[in-house]
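Geometric and topological summary
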Amino acid sequence: MDTDPPQQNPQLAFPDHETKDKTPEMGGGLPVIQYWAEHTLSPEGPHLWQALFHKSACLSCSWGTGGQKGGFTNEDGERLQRCMKSVEAISAELQPPVSTHFFDRHSIDELQQLTSYEADRLGRFSFPVILRAGSSHYERIAWEDIYEIATAGFRQPSERVASYSSGRSSNEAAYLLQLMMRTLGSNNLADCSDLCHAPSTVGLKQVFGTNTSIVSLEGLKQADCVVLAGSNASYNHPRLMNELIKLRDRGGKVIVINPVKEIGLVKFASPAFPVKSLLSGSEIASLYLQPIPGSDVALFVGIQKALIENNQVDHSFLQAHTEGWEAVIEQAGSTDWQIITATCGVSQPEIEAAATLIGTAQRVIFAWAMGITQHENGVDNVYSIANTALLTGNAGKPGAGVMPVRGHSNVQGFGSMGVTVRLKEEIRVALEKLLGRSLNLNAGYHTRHLIEAAAAHQIDTLLCLGGNLYGANPDASQARQALGNIDTIVYLATKPNLGHFHGLAKQNTIIIPVLNRFENPHKTTVESGNNFVRMNSEGTTHLKQADLISEVEFLTELAHRIHGDYPVEWRKLQDTRYVRQLIAQCIPGYEKMADIDQNQAEFTISGRIFTEPQFKTPSGKARMMITPLPQLALPSPQEFGVSESVNGIVVALMTGRSYSQHNTVVYKIGDPYRGMPHRNCILMNRQDAESAGLQEHQRVTVQGDADKLANVEVIYGAVRQGGAVMFYPEVNAIFKAKLEERSGTPAYKRVPVLVHG
Ligand SMILES: Nc1nc2c(c(=O)[nH]1)N[C@H]1C(S)=C(S)[C@@H](COP(=O)(O)OP(=O)(O)OC[C@H]3O[C@@H](n4cnc5c(=O)[nH]c(N)nc54)[C@H](O)[C@@H]3O)O[C@H]1N2
Ligand SMILES: Nc1nc2c(c(=O)[nH]1)N[C@H]1C(S)=C(S)[C@@H](COP(=O)(O)OP(=O)(O)OC[C@H]3O[C@@H](n4cnc5c(=O)[nH]c(N)nc54)[C@H](O)[C@@H]3O)O[C@H]1N2
Ligand code: SF4
Ligand SMILES: [Mo]
């Protein structure tokens, strides 16, 4: 068939050549090698190599690399699977310690002036500190005093205590955290996944009865078409790019769906293929569709409509293995093309070309990330993708299915361990057996509800196992005020971030320095987004004479002081082998954890990967859901409270990651692949800017519904008309995001803002 992409609507796409003189022509490439060389040959080099070769999982993303087979190996035993993002993450962990007198010399007012980049550059925390009410400085604190304050904090009524966690800690720490909290009777287990893939969890549970990807890495190697929607894997999951390169090499097709033409998704030069890819680059997208931000449901309904019109629907599969398909077909069939194309801004021929690629492929995998989930209708987005997969029989067979591309390296493990407000029934039953009583089944606070509860003075004590609750939330001033109502906040962290300087408690803010994944004195485990459990060996830290603690040691000691020996001998659990036994007993699919200390056999979690169309719903059939098309009108400039005379444009702002940052932590200031030289830039479509009388490099004001950022530099880029891009965490100062109500996830990817001169 003809696989040439159809011409894009010229009004919508920004001509590529106009950005070529300043941005690289492909993602990855020689700058990656240069980065490796600079770091591995620098004075930190020996430690860096040691950490890279250490038998532990990569710290950075959920794709998963490393573990017992060695730092460079993936679950299929393939070598050379470490990307530069891994080096970036390790190198930040190998910084020298924050000096002993640093906090005596710098007041909290001074620390609040730091940028995210500067905060991270302070180095590793190496001793515990406290900021007491009325004091202007963090000061060192003894462990005994920490336990006293924390224990008193957790003796408050269980609905008034909470935790927040980020996905870098281990399964063992996650399991202990939820056991400690649920033993207290608190379900307030907020987690960064609430801000991230919760719509995938909710959507996949409804459709397939499972929470995670239904395909494995091995399955991806068998696919002949991949649809990659709302993911910039070239920045955030670089090893996924290798799989796409291999897929194209074997004649497969890649359909990218993204309002931004991310250069690395057009062409990517991978160091894993030095001869065929590194210098010349490899084509990634066979077809690149640029929908209006937030309109993916309309685009997928359009693809479904074209599949129906082309007779490419697999009716026998639908009848045998799904429920609700009639309504989905009826919806797609009866929605006018005109409504579909007007909503998503992609032309009918382009949508039909995507449908033809999907309909003629034998095994299609649909992968997605934040461009799909972080919307007011994120769960509908997931449903519409699942519907498209099911209509073509692309679920429940090898090489086909749906694959949320997860975030942090162990965020999925946190959910599996029960750190979630949506506790699985099997875990509830197992925990009740362990506790010898019923669990409190009150709905706990997810992350946004936690901030709202704190704002309403309903939280006394908060424990943050990693992360940056302040920096990750929308509406920074609300987050600051809300956290300021909490009496005690205990942060467990490896490195300073803005949250430690702005997310301050009313009475006591404590920072506990922890060992990272490759430094712990005991083994730990993590779970990748591809459902593979890796084991991390013991390690040591480069921080000499430091007063660090492992997360497991702190949590077991705190739990012991709160609960005594109920329901387990907490102190005994400092030996993580016992925690793994509890995990094997309580967590569905983790049976093999029982033997991992004997045989070091890393494993794929059972019951997650579907190679047969027998799903985990009560009927065994996939439940298809109809997906209303979104209403995407933007407010008028005047709704931002500016006078009639202001000449500006309202755009749908997509907020996300630059090339060199890990979530709220900025490693490097610029984003060369998008041509954005610093963080205070807005990437805009040229026609949009010119229609508002703006020019490239002009400094503008970007006004949201909470605040505004001034002096923002306009950069022209390959963003479709009506959309724009800015970086978080800085941009979180200016907007109050709408929520995806079923999952609690903020709509970070469609933020209406007014851009004016
Ligand atoms: N190096 C590095 N790796 C990381 C992270 C990191 O910060 N740095 N973070 C980790 C975490 S926690 C996560 S969740 C993942 C994030 O990984 P991604 O989801 O890839 O990250 P984002 O920057 O949020 O980018 C999402 C993409 O969605 C597109 N997009 C925006 N709006 C829409 C839309 O309406 N529709 C569609 N189809 N696309 C849209 C954007 O243009 C962008 O290309 O990466 C993980 N890995
Ligand atoms: N506007 C906007 N906002 C967003 C997003 C967006 O796309 N746009 N994305 C959202 C998403 S997807 C996510 S996941 C959240 C991320 O939110 P979080 O997970 O809360 O934030 P991170 O920046 O990943 O947290 C980094 C901190 O974790 C600590 N840390 C690192 N390793 C360890 C460890 O091993 N143990 C412990 N205890 N601490 C450690 C370090 O102190 C580091 O500073 O942000 C969300 N916010
Ligand atoms: S793709 Fe992700 S897990 Fe693999 S090496 Fe890179 S950052 Fe680490
Ligand atoms: Mo995330």
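Structure: see above.
Residues numbered from 1 in each chain as written. Chains lettered and ligands numbered in written order. Predicted model: local features only at pLDDT ≥ 70, side-chain atom pairs only at ≥ 80, totals over all residues. Heavy atoms only, no water.

Examining the sheet that holds strand 19 (residues 603-604)
With respect to topology, three strands assemble into an open sheet ordered 17-18-19, the strand pairing being antiparallel. Where the open sheet ends on each side, the last strands, each with one partner, are strand 17 (524-527) and strand 19. Note: strand 18 (residues 532-536) against strand 19, two bridges, orientation antiparallel. Directly across from Val 533, in strand 19, lies its bridge partner Phe 603. (Pairing = 2+ DSSP bridges. Helix = DSSP H or I, 4+ residues; strand = E, 2+ residues; numbered from the N terminus.)

Some words on the site of ligand 2
If you check the shell around ligand 2, you find 33 residues, and the closest are Tyr 164, Lys 495, Glu 551, Thr 664 and Asn 732. One of the backbone N or O atoms of Ala 472 is found 2.8 Å from a nitrogen atom in ligand 2. At a separation of 2.7 Å, a nitrogen atom of ligand 2 approaches a polar side-chain atom of Glu 551. About the coverage of ligand 2: the protein hides 97% of its 930 Å² of free accessible area. Those elements giving two or more residues to the shell around ligand 2 turn out to be strand 15 (488-493) and strand 21 (648-656). In the shell around ligand 2, the residues fall into 13 nonpolar, 15 polar and five charged. (Near = heavy atom within 4 Å. Polar contact = N/O pair within 3.5 Å; in protein donor to acceptor, adjacent residues only side chain to side chain. Areas by Shrake-Rupley, 256 points an atom, 1.4 Å probe, with all protein chains shown as cover. Nonpolar A, V, L, I, M, F, W, Y, C, P; charged D, E, K, R; others polar.)

Some thoughts on the packing of helix 9 (residues 171-184) against helix 23 (residues 425-435)
Remark: helix 9 packs on helix 23, axes separated minimally by 12 Å, with the N-to-C direction vectors making an angle of 65°. Put simply, helix 9 runs roughly perpendicular to helix 23. Crossing handedness for the pair helix 9 and helix 23: right-handed. Contacts from Tyr 175, Gln 178, Leu 179, Arg 182 and Thr 183 in helix 9 reach Leu 431, Leu 434 and Leu 435 in helix 23. A class-by-class count of the residues in the contact of helix 9 with helix 23 yields five nonpolar, two polar and one charged. (Axes fitted to C-alpha atoms, helices over the stretch in contact; angles between N-to-C directions. Parallel < 35°, antiparallel > 145°, perpendicular 65-115°, else oblique. Left-handed = near helix turned anticlockwise from the far one by under 90°. Contact = heavy atoms within 4.5 Å.)

Quick word on the site of ligand 1
Ligand 1 sits among 30 residues. The nearest are Glu 262, Gly 294, Asp 296, Gln 661 and Asn 663. A distance of 2.6 Å is found between an oxygen atom of ligand 1 and a side-chain nitrogen or oxygen belonging to Glu 262. Interatomic distance of 2.8 Å between a side-chain N/O atom of His 375 and an oxygen atom of ligand 1. Relative to its free-state accessible area of 920 Å², ligand 1 is covered by the protein chains to the extent of 98%. Every element with two or more residues in the shell around ligand 1 is listed here: helix 12 (233-236), helix 20 (370-373), strand 21 and strand 22 (661-662). Partitioned by chemical class, the residues of the shell around ligand 1 number ten nonpolar, 15 polar and five charged.

Points about helix 10 (residues 198-208)
Taken across its eleven residues, helix 10 has nine buried, putting it largely inside the fold. For helix 10, the set of buried residues is Ala 198, Pro 199, Ser 200, Thr 201, Val 202, Gly 203, Leu 204, Val 207 and Phe 208. Looking at the buried positions of helix 10, the neighbouring elements they touch are strand 12 (364-368), helix 20, helix 21 (378-391), strand 13 (401-404), strand 20 (622-623) and strand 29 (745-746). Positioned one or two residues after helix 10, Gly 209 has a phi angle of 75°, which is positive. (Buried < 20%, exposed > 50% of the residue type's maximum accessible area, 1.4 Å probe, protein only.)

Details of the side chain of Asn 663
Turning to its location among the elements, Asn 663 is positioned in the loop between strand 22 and strand 23 (665-666). Polar side-chain contacts of Asn 663 include one of 3.0 Å to the side chain of Arg 657. In contact with Asn 663, not counting residues within four places along its chain, are His 408, Arg 657, Tyr 728 and Pro 729.

Thoughts on the pairing of strand 16 (residues 508-513)
With six of six residues buried, strand 16 lies mostly within the body of the structure. Burial along strand 16 is two-sided: Asn 508, Ile 510 and Ile 512 facing one way and Thr 509, Ile 511 and Pro 513 facing the other are all buried. With four bridges joining them, strand 2 (residues 129-132) and strand 16 adopt antiparallel strand pairing. Bridge pairing in strand 16 links Leu 131 to Thr 509. Here strand 15 runs beside strand 16; their pairing, made up of six bridges, is parallel. Looking at strand 16, one finds that Ile 489 is bridged to Thr 509.

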